[in-house]
Amino acid sequence: MKHIKAVKEPWRHSSRYKALGQMLVTKQHLDKLAAACIDFKSHGMLNGTCLSEMLQALILMLLDANTTIQGDNEEGEIVDGPTLVQAHIQLAKTIHKIPHI
């Protein structure tokens, strides 16, 4: 292990008062995080990002021939697919000032 990872970084995270104990706790936490990361990777839990998962799901939904994306269904059937919601929000025209206490 490098000196910077083992000593300098935990020292920087300590309060400099009785730093050795704080450094050992920091090192222990970092070791546990590294072990958890390895465990998660072995179970396939850290593959990709949330965005890549949603993008993949959207692509699969678009490729599905039975899914209607836009417009109404003329037969009145329920369509599996994204729902388009249009909303209007009107904000106050004046700024409400909160008095300082």
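Here goes a summary of the coordinates provided. (Residues numbered from 1 in each chain as written. Predicted model: local features only at pLDDT ≥ 70, side-chain atom pairs only at ≥ 80, totals over all residues. Heavy atoms only, no water.)

1. Examining the packing of helix α1 (residues 3-13) against helix α2 (residues 19-42)
Rules: In this analysis an axis means a line fitted to C-alpha atoms, helices contributing only their contacting stretch, and an angle means the value between N-to-C directions, from 0 to 180 degrees. Labels follow the DSSP assignment, with helices taken as runs of H or I lasting at least four residues and strands as runs of E lasting at least two, numbered in each case from the N terminus. Oblique is the label for every angle not falling under 35 degrees (roughly parallel), over 145 degrees (roughly antiparallel), or within 65 to 115 degrees (roughly perpendicular). Left-handed describes a crossing whose near helix is turned anticlockwise from the far helix through less than a right angle; right-handed describes the clockwise counterpart. Contacts are residue-level and defined by heavy atoms, with any inter-residue pair within 4.5 Å sufficient. Side-chain classes follow a simple rule in which Ala, Val, Leu, Ile, Met, Phe, Trp, Tyr, Cys and Pro form the nonpolar group, Asp, Glu, Lys and Arg form the charged group, and the remainder, Gly included, forms the polar group.
Closest axis-to-axis distance for the α1/α2 pair is 9 Å, and the angle between their directions is 115°. Put simply, α1 runs roughly perpendicular to α2. Where α1 crosses over α2, the handedness of that crossing is right-handed. Across the interface between the two elements, Val 7, Pro 10 and Trp 11 from α1 touch Ala 19, Met 23 and Thr 26 from α2. Split into classes, the residues belonging to the contact of α1 with α2 amount to 5 nonpolar, 1 polar and no charged.

2. Describing α2
Given 3.6 residues per helical turn, the α-helix brings residues three or four places apart onto the same face. The condition is simple: To estimate how far a helix should extend, the number of its residues minus one is multiplied by 1.5 Å. Categorising residues by exposure relies on relative accessible area from a 1.4 Å probe, with only protein chains included: less than 20% of the type maximum marks a residue as buried, more than 50% marks it as exposed, and the intermediate range marks it as partly exposed.
For α2, which comprises 24 residues, the first-to-last C-alpha distance of 35 Å matches the rise-based estimate of 34 Å (1.5 Å per residue) to within 8%. When α2 is considered as a whole, its buried residues turn out to be Ala 19, Met 23 and Thr 26. Close packing links the buried residues of α2 with α1. A positive phi of about 75° marks Gly 44, the residue just after α2.

3. Observations concerning a nonpolar patch on the surface
The criterion, for reference: Every patch collects residues that have over 30% relative accessible area and no salt bridge, joining them within 9 Å if they carry like charges and within 5 Å if they are nonpolar side chains (Val, Leu, Ile, Met, Phe, Trp, Tyr). Residue-level accessible areas treat just the shown protein chains as cover; the underlying method is Shrake-Rupley with a 1.4 Å probe. Here, a salt bridge means any side-chain nitrogen of Lys or Arg that lies within 4 Å of a carboxyl oxygen of Asp or Glu.
The grouping of Leu 55, Leu 58, Ile 59, Leu 62 and Leu 63 at the surface amounts to a nonpolar patch, some 490 Å² of accessible area in total. Looking at the secondary structure, you find Leu 63 in helix α3 (residues 50-63). Assessed through its relative accessible area of 65%, Leu 63 is described here as exposed.

4. Overview of unusual backbone geometry
Located in the positive-phi region is Arg 16, a residue other than glycine, with phi close to 75°. Locating Arg 16 in the fold gives a position in the loop between α1 and α2. For Arg 16, a relative accessible area of 45% puts it in the partly exposed group. One non-glycine residue, Lys 18, adopts positive backbone phi at about 50°.

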